[in-house]
Amino acid sequence: MNKFALPLVAFALLVVMFGVALKRAPDKQFVKSALIGKTAPQFVLPDLLHDGKTVDSHAFAGRWTVVNVWGTWCGECRAEHATLLQIKQEGKVAMVGLNYKDEDAAARDWLSQLGNPYEVIAVDREGRAAIDWGVYGAPETFLVNPAGTIVHKVVGQVTAENWRAQFLPLIEGAAK
Amino acid sequence: MVVTLLLMPILAMAIDPAPPLPDPVQQARYTGLIHELRCLQCQGETVADTPALFAVDIRRQVREMVVAGSSDKEVRQYMVDRYGQIILLRPQWSLANSWLWLAPGLFLVGGILIAWRVLRQRRELLATDLADVESDDERGRS
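As the structure is a prediction and not an experimental result, all values here were calculated from the model.

S.K.: Is there a simple way to think about the interface of chain A and chain B in this case?
M.R.: One widely used convention gives an interface's size as the accessible area the parts lose upon coming together. In this complex, chain A contributes ten residues to the contact, which on the side of chain B involves twelve residues. Residues of the side of chain A that touches chain B, tallied by class, amount to four nonpolar, three polar and three charged.

S.K.: I would appreciate a short explanation of unusual backbone geometry in the present structure.
M.R.: Negative phi is the rule for most residues except glycine; trans is the rule for most peptide bonds. All names here are of chain A. Cis geometry marks the peptide bond from Ala-138 to Pro-139, where omega comes out at -5 degrees. Turning to its location among the elements, Pro-139 is positioned in the loop between α4 (128-132) and β6 (140-144). Within the chain, Lys-101 stands out as a residue other than glycine whose phi angle is a positive 50 degrees. Within the secondary structure, Lys-101 is located in the loop between β4 (94-100) and α3 (104-114).

S.K.: What's the story with the confidence of the model for chain B in this structure? I'm lost.
M.R.: Detail in the predicted coordinates should be disregarded across regions flagged by low pLDDT. Residue-level pLDDT values for chain B average 85, and 85% of them are 70 or greater. Predicted complex metrics record ipTM = 0.79 and pTM = 0.76.

S.K.: Quick question: what am I supposed to make of the pairing of β6 of chain A here?
M.R.: All names here are of chain A. Burial runs high along β6: five of the five residues are buried. Both faces of β6 are covered, namely the face carrying Glu-140, Phe-142 and Val-144 and the face carrying Thr-141 and Leu-143. One ladder, built from five bridges, connects strand β3 (residues 65-70) with β6; its direction is antiparallel. The residue of β6 that forms the bridge with Thr-65 is Val-144. Pairing analysis gives five bridges linking β6 to strand β7 (residues 150-155), with the strands arranged antiparallel. By the bridge assignment for β7, Phe-142 is matched with Lys-153. In textbook terms, the turn of a hairpin is the stretch between consecutive antiparallel strands, and for β6 and β7 this stretch comprises five residues, one of which, Gly-148, has a positive phi near 90 degrees.

S.K.: For this particular structure, what's the right way to read the sheet that holds β4 of chain A?
M.R.: In a beta sheet, neighbouring strands pair by backbone hydrogen bonds and run either parallel or antiparallel. Residues and elements named next belong to chain A. What the five strands build is an open sheet, ordered β5-β4-β3-β6-β7; its pairing is mixed. Looking at the sheet topology across the chains shown, the edges are occupied by β5 (120-124) and β7. Put simply, the sheet's adjacent strands are angled 20 degrees from each other on average, direction ignored. Where β4 lies against β5, five bridges are found, and the strand directions are parallel. By the bridge assignment, Leu-98 is partnered in β5 with Ala-122.

S.K.: Please explain helix α1 (residues 5-24) of chain A as it appears in this structure.
M.R.: In an α-helix, one full turn covers 3.6 residues, which means residues spaced three or four apart are oriented alike. Compared with the 28 Å implied by 1.5 Å per residue over 20 residues, the 28 Å span of α1 of chain A between its first and last C-alpha is a close match. Of all 20 residues in α1 of chain A, zero are buried; the element is thus mostly exposed.

Thresholds applied
- Residues numbered from 1 in each chain as written.
- Chains lettered and ligands numbered in written order.
- Predicted model: local features only at pLDDT ≥ 70, side-chain atom pairs only at ≥ 80, totals over all residues.
- Contact = placed C-beta atoms within 7 Å.
- Nonpolar A, V, L, I, M, F, W, Y, C, P; charged D, E, K, R; others polar.
- Helix = DSSP H or I, 4+ residues; strand = E, 2+ residues; numbered from the N terminus.
- pLDDT = per-residue confidence, 0-100.
- Buried ≥ 20, exposed ≤ 12 C-beta atoms within 10 Å, placed from the backbone.
- Pairing = 2+ DSSP bridges.
- Axes fitted to C-alpha atoms, helices over the stretch in contact; angles between N-to-C directions.
- Expected span 1.5 Å × (residues − 1).

What follows is the structure, encoded as structure tokens:
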């Protein structure tokens with residue numbers, strides 16, 4: 001056997017290994033959610049738009065639900081807002097907002113200016129529900145199936161592209 | 001290194017505005033734990049070292065759990081359940097990452113084996129070379 005064969009094979013294996021790792025690493029998803037495949041954490045939080053009322057996450061059982069974590073301090077949230085409005089128009093999911101570490105007044109202004117893509121908005125002033133959901137910034141968006149299991153999460157913007165490529169196949173695939 | 005370690009509590013105090021816990025044992029556990037958890041918003045730092053929103057919330061959570069009587073293990077597990085292994089700066093042993101822990105040892109053993117084989121081959125070659133020289137000598141004499 002050629003004496004270079006072994007190092008060459010080892011090198012080729014390394015190249016393949018790194019190649020696969022690079023291909024599989026989706027951009028920005030550096031932290032894969034520990035919660036995918038788990039039951040979505042429940043919360044009861046104040047309702048942003050209805051004083052004195054609460055948002056109870058049990059209300060979403062039985063429907064495909066998108067939980068979108070946002071704040072008015074978050075630039076990327078503004079950037080994804082138009083996409084969220086389109087998703088609402090599409091009407092395939094219940095869209096729930098989790099207003100994360102924000103000011104109520106600022107959040108209400110934001111919605112009246114940019115439009116409201118959410119069915120309800122829960123207020124997580126202190127970020128406690130966010131910890132339960134494994135949130136570490138905004139925007140983060142979860143897809144919860146009718147059985148109440150988290151099936152997907154996007155860290156960073158929801159775009160028309162990742163909505164079509166990552167979310168819709170899960171929803172429509174299950175419908176078949 | 002020593003200087004950095006000595007400075008760490010001071011830096012942590014500068015960043016963490018919360019007053020120390022009345023119980024010094026709990027305070028020590030709290031300080032220890034927040035130095036073990038990664039700030040996922042900033043990724044290079046522990047939650048003790050940054051005023052990032054995420055770190056503030058995690059510190060509050062750790063503090064509350066310590067005061068409520070959770071063990072260090074329970075606090076770590078609570079964080080791993082929500083954020084995954086990546087939140088621990090000192091990774092736990094698991095089947096999935098065992099090869100990472102074992103790899104250096106395997107490389108060392110492999111290296112020693114290769115070195116041993118090469119040395120033995122060389123000694124054998126040297127021995128046969130000498131034998132050839134000797135037999136040549138004998139042939140020359142006869």
